[in-house]
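# Understanding the architecture of this molecule
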Amino acid sequence: MAVAIIGLPAGLKVPTDMKQLTDLREKGKIAFFETRGRELVLYWRELAPKQQIELTVDVVADVPGKYRGPASRGYLY
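Residues numbered from 1 in each chain as written. Predicted model: local features only at pLDDT ≥ 70, side-chain atom pairs only at ≥ 80, totals over all residues. Heavy atoms only, no water.

## Some words on the pattern of salt bridges
When their charged atoms lie close together, side chains carrying opposite charge are able to pair. Summed over the entire model, instances satisfying the criterion amount to 4 salt bridges. One salt bridge in this structure joins Lys13 and Asp62, with 3.7 Å as the shortest N-O distance. Linking Lys13 in strand β2 (residues 12-13) with Asp62 in the loop between β5 (60-61) and β6 (73-76), this pair joins segments that are 49 residues apart in sequence. Its relative accessible area of 34% is what places Lys13 among the partly exposed residues. For Glu34, the salt bridge identified is with Arg36, shortest N-O distance 3.6 Å. (Salt bridge = Lys/Arg side-chain N within 4 Å of Asp/Glu carboxyl O. Helix = DSSP H or I, 4+ residues; strand = E, 2+ residues; numbered from the N terminus. Buried < 20%, exposed > 50% of the residue type's maximum accessible area, 1.4 Å probe, protein only.)

## Some points on the packing of aromatic side chains
Throughout the structure, instances matching the rule amount to 2 aromatic pairs. Ring geometry for Phe32 versus Phe33: centroids 6.4 Å apart, planes at 25°, classification stacked. Given a relative accessible area of 43%, Phe32 falls into the partly exposed group. Residue classification places Phe33 among the buried positions, given a relative accessible area of 9%. The structure contains a cluster of three or more aromatic residues connected by ring pairs, namely Phe32, Phe33 and Tyr43. (Phe/Tyr/Trp six-rings, centres within 6.5 Å; stacked < 30°, edge-to-face > 60°.)

Honestly, that's just the spatial picture; any functional story needs more than this.
Written out as structure tokens, the structure is:
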């Protein structure tokens, strides 16, 4: 299993309906997702060697401004 943890800057959040992420799961682009504070966690059951995945995830700006988010990272689980 592969995991990608995407750090979200302070003024941004994932939309509460999570429709876009649910659609990605139903289409098989991701296996599972969850949010933890300022992080979006994406899971894949399997990835081929050197496989690249591109996803677009819309976020909502709650508070306008310039912010930095926590580091994003990926690893095998």
